[in-house]
Amino acid sequence: MIEVQNLSKHYGDKKAVDNISFKAEDGEILGFLGPNGAGKSTTMNILTGYISSTSGKALIDGTDILEDPIKAKSKIGYLPELPPLYLDMTVKEYLNFIYDLKKCKLPRNTHLKDICNLVKIDHVYKRLIKNLSKGYKQRVGLAQALVGNPNVLILDEPTVGLDPKQIIEIRTLIKKLGRNHTVILSSHILSEVQAVCDKIIVINEGKIVADDTEDNLSRKLSSDHKLIVRIEGDQKKVTDLIDSLANVEKVDIGAKHGDDCWEYRIESKEGTDIRRDLFIHCAQKGFVILEMRSSELSLEDIFLRLTMGKSIDGGED
Amino acid sequence: MSAVFRREILSYFTSPIGYIFLAAFYGFSAFSFTSNSLKFGTTKMDGMFQQLMIILIVLIPILTMRTMSEEKKNKTDQCLLTAPVGLGGIVAGKFLAAFLIYIMGIAVTLVYAVVISAFAAPDWSVIIGNFVGLALVGAAFIAVGIFCSSLTENQVVSAVISFIAMIALYMLTTIGDVVPADFIEKMLPDVGAVWRTVITEAIVIALTAAIFFLFGKRSGVLIGGFIVMLVLGLFAAKGELVPKILGKLSFWERYVGFTYGLFDLSNALFFLSAAVVFLFLTVRVLEKRRWA
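Cut-offs applied
- Residues numbered from 1 in each chain as written.
- Chains lettered and ligands numbered in written order.
- Predicted model: local features only at pLDDT ≥ 70, side-chain atom pairs only at ≥ 80, totals over all residues.
- Helix = DSSP H or I, 4+ residues; strand = E, 2+ residues; numbered from the N terminus.
- Buried ≥ 20, exposed ≤ 12 C-beta atoms within 10 Å, placed from the backbone.
- Contact = placed C-beta atoms within 7 Å.
- Pairing = 2+ DSSP bridges.
- Axes fitted to C-alpha atoms, helices over the stretch in contact; angles between N-to-C directions.
- Domains from an automatic or database assignment.
- Expected span 1.5 Å × (residues − 1).
- Nonpolar A, V, L, I, M, F, W, Y, C, P; charged D, E, K, R; others polar.
- Parallel < 35°, antiparallel > 145°, perpendicular 65-115°, else oblique.
- Left-handed = near helix turned anticlockwise from the far one by under 90°.
- Core = buried A, V, L, I, M, F, W, Y, C linked by C-beta atoms within 7 Å.
- pLDDT = per-residue confidence, 0-100.

Enquirer: Sorry, what's going on with the overall build of chain A here?
Expert: In terms of regular secondary structure, chain A is built from eleven helices and 14 strands. For chain A, the proportion of its 317 residues judged to be buried stands at 40%. Pairs at least 24 apart in sequence give 67% of the contacts found in chain A among residues at least 6 apart.

Structure representation (structure tokens):
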């Protein structure tokens, strides 16, 4: 369990983390969402005792990280933004070093072997870390966090630098770990946090912008009133047709895709859904809809929406 | 601590640094031994032991330059500082690893003594005393090097600072001879020692306060002011003490006794406490970085 109470960190006049509080229960995956420089890494560094807070408390399983750092740290596995790897060691030497460093009591060989199987690094076990690819280095970093089977896992952007297949693997792994660990993971990708986490905290400029379970947040952030549609048919006629639909506020014509086929960006009034209308009318006129999707929100939109509570332009880039 | 110690030993020999240090030390000490003892056909080894200190000043920065700075640069300190180990354990592990490599280096002097014993019986007690002295001065130098390494992320900068610091510690007697001990006395010739001190301190306090309130309220200014107060206060009150104090702190002055075969416990304790002080300062630097 992790409990954070009124945590602040100031660098001179700059407030990197400004009075944040949250809680992550056992068996819960907490997602930390925010743009670069929002204070995600700073918060995680404070939780793991790498830096100290200016004020406030961070409790790991009820132990204050500042009062009893050694006890609190023994319960944490931490994967920093840049995996802390000694490049001149082999994976085997490195994991054994971490095992000794954490004063791990579990049976050495089976424990390390289990971890390697879990993050799929067993076939590079005897290679120098220097020679591994970015994805494998990231996995060794994750393996390092798992050594000693700590209750709490703190993962700072764990999927950065991985290929899509690895990303899915790591996400599955994190979900699996989340069943019996407390996991905090940070990301600046909304879909990643949505895919993995039970609870999302959105943080920007050191402040918590939203603290909610994923479903509520998704509803708040839904963007069904902004559509991207690809329709085959005469451009002028299609535009007129869309314009004539109820609730449509704006139509932009996007790129051309083949003969007589354009992409349209349609914005309707907030809270309305024009997808059915659009489908029926296009079908009646004989225009073929080749593709229809809601435009995804960028992080900036999310923050603007969460902080201002109304719709924002330009979310489809 | 033992995990850090083992990793450090390993890294000295997976990188070229351990080999370079040992090879250079063996090479130079062999030259020194040949020219000082073998060539003159003497069983005395004090010449070599005196020269070895100069060699240390050049070689120990190589041994210690990466200890802390590399961790900081590669962000591997994140792994050490978030592990359930105290800062003291980390620093001690690194110190002991460097010290073990160092002992592996200076152990060669005992081989030279054995070489001498093939010709005539050497004075073993003197040689052992020399060896202990060299080990102690090395421990202090290694602690200084680790401290310098903790100040920067750049290994070259770290090596250069430790080099400068070690030369300064070595030369303190010479520096003490040159420092104008009585410059405040000359400026204020007609007042007594008490008034001289009071006036000096008042000026320093006024200046510190002015800087503090005019150019930004920083704790560094207060600490700096306090140090200047102590130093100038000493000069004002009893200027003739300054060269004496510097001489007492000089590593050379403390070490040279060992090479004459004098085992002075106070000198041994001096080097041990110097090592402890600098290792403690290293821990403070790491601690401070956390609070920055």
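Text resumes after the structure shown.
Enquirer: For this particular structure, what's the right way to read the overall build of chain B?
Expert: Of the regular secondary structure elements, chain B holds 15 helices and zero strands. Taking all 292 residues of chain B together, 37% fall into the buried category. For chain B, the proportion of contacts with a sequence separation of at least 24, taken over those separated by at least 6, is 79%.

Enquirer: Could you clarify how one ought to interpret unusual backbone geometry in this entry?
Expert: Generally, phi is negative for residues other than glycine and the peptide bonds are trans, each holding for most cases. Residues and elements named next belong to chain A. Positive phi outside glycine occurs at Asn6, with the angle close to 45°. Structurally, the position occupied by Asn6 is in strand β1 (residues 2-11). Not every positive phi belongs to a glycine, and Asn149 is a case in point at roughly 45°. Inspection of the secondary structure assignment puts Asn149 in the loop between α5 (134-146) and β7 (152-156).

Enquirer: Explain the sheet that holds strand β2 (residues 14-24) of chain A here, please?
Expert: Backbone-to-backbone hydrogen bonds pair the strands of a sheet. The strands run either parallel or antiparallel. All names here are of chain A. Strand order in the open sheet made by the four strands is β2-β1-β4-β5, with antiparallel pairing throughout. Each having just a single partner strand, β2 and β5 (63-64) make up the two edges of the open sheet. The pairing of β1 with β2 spans seven bridges and is antiparallel. Looking across to β2, one finds that Ile2 is bridged to Ala24. Helix α1 (residues 40-47) rests against β1, β2 and β4 (55-60) of the sheet, and its axis sits at about 115° to β1.

Enquirer: Help me understand the domain arrangement of chain A in this model?
Expert: Interfaces are often described in size by the accessible area the parts lose on coming together. Partitioning chain A into structural domains gives domain 1 (2-220) and domain 2 (226-295). Between the C-alpha centres of domain 1 of chain A and domain 2 of chain A the distance comes to 43 Å.

Enquirer: Which parts of the structure should I look at to understand helix α6 (residues 87-106) of chain B?
Expert: An α-helical turn contains 3.6 residues, so a residue and the one three or four places further along point in the same direction. Over its 20 residues, α6(B) runs 29 Å from end to end, which matches the ideal 28 Å to within 8%, given 1.5 Å per residue. Among all positions of α6(B), only Gly89(B), Ile90(B), Val91(B), Gly93(B), Lys94(B), Phe95(B), Ala97(B), Ala98(B), Ile101(B), Tyr102(B) and Gly105(B) are buried.

Enquirer: Sorry, what's going on with the sheet that holds strand β13 (residues 261-268) of chain A here?
Expert: Residues and elements named next belong to chain A. Here four strands make up an open sheet; going across it, the order is β12-β13-β11-β14 and the pairing antiparallel. In the strand order of this sheet, the two ends are held by β12 (248-256) and β14 (288-294), each with one partner. The mean angle between the axes of side-by-side strands here comes to 25°, regardless of whether they run parallel or antiparallel. The sheet contact formed by strand β11 (residues 226-232) and β14 spans six bridges and is antiparallel. When the sheet's bridge partners are listed, Ile231 is paired in β14 with Ile289. The strands touched by helix α9 (residues 235-244) within the sheet are β11, β12 and β13, with β12 carrying the most contacts at an inclination of about 155°.

Enquirer: Please clarify how the interface of chain A and chain B should be interpreted in this entry.
Expert: Taken together, the 23 residues of chain A in the interface contact 19 residues of chain B. Mapped onto the side of chain A that touches chain B, the elements with two or more residues apiece are α2 (69-73), β6 (76-79) and α3 (91-101) of chain A. Here the residues of the side of chain A that touches chain B are counted per class, giving twelve nonpolar, five polar and six charged.

Enquirer: How should I be thinking about the packing of α6(B) against helix α8 (residues 124-150) of chain B in this particular structure?
Expert: Between two packed helices, what matters for the description is the angle formed by their axes and the separation of those axes. All names here are of chain B. It is at 10 Å that the axes of α6 and α8 come closest, and there the two elements cross at 140°. It follows from the interaxial angle that α6 and α8 lie oblique. In the packing of α6 onto α8, the handedness of the crossing is right-handed. On α8, the residues touching Val91, Lys94, Phe95, Ala98, Phe99, Tyr102, Ile103 and Ile106 of α6 are Phe131, Leu134, Ala135, Gly138, Ala139, Ile142, Ala143 and Ile146. Classifying every residue of the contact of α6 with α8 gives 14 nonpolar, one polar and one charged.

Enquirer: Is there a simple way to think about the nonpolar core in this case?
Expert: If you look at soluble globular proteins, the nonpolar side chains tend to sit buried side by side. Counting 127 residues, the largest nonpolar core has Ala143(A), Ala140(B), Ile142(B) and Ala143(B) as its most contacted members. The biggest single contributor to this core is α8(B), with 14 residues. If we skip the residues at most four places from it in the chain, Ala143(A) touches Leu95(A), Ile115(A), Cys116(A), Val119(A) and Ile121(A). Val229(A), Ile231(A), Ile242(A) and Val248(A) belong to the second largest nonpolar core, which has twelve residues in total.

Enquirer: Please clarify how the pairing of β4(A) should be interpreted in this entry.
Expert: On any regular strand, side chains alternate: one points to one face of the sheet, the next to the other face. Residues and elements named next belong to chain A. Inspection of the sheet shows β1 paired to β4 by five bridges, in the antiparallel sense. Residue Gln5 lies in a different strand from β4, and its bridge partner there is Lys57. Here β4 runs beside β5; their pairing, made up of two bridges, is antiparallel. Looking at β5, one finds that Ile60 is bridged to Thr63. The turn joining β4 and β5, which pair antiparallel and follow one another in sequence, is formed by two residues; a positive phi near 50° is taken by Asp61.

Enquirer: Got a minute to help me understand the confidence of the model for chain A in this structure?
Expert: Interpreting fine coordinate detail is not advised for predicted regions of low pLDDT. Here chain A shows a mean pLDDT of 84. Residues at 70 or above account for 89%. A low-confidence stretch, residues 309-317 of chain A stays under pLDDT 50, and its non-local contacts, those more than four residues away or across chains, total 15 contacts.

Enquirer: Quick question: what am I supposed to make of the packing of α8(B) against helix α14 (residues 251-259) of chain B here?
Expert: All names here are of chain B. Running from N to C, α8 and α14 point in directions that differ by 160°, and their axes come no closer than 8 Å. Judged by the inter-axis angle, α8 sits roughly antiparallel to α14. The handedness of the crossing between α8 and α14 comes out as left-handed. Residue-level inspection shows Gly129, Asn130, Gly133, Val137 and Ala140 of α8 in contact with α14, the latter providing Phe251, Tyr255, Phe258 and Thr259.

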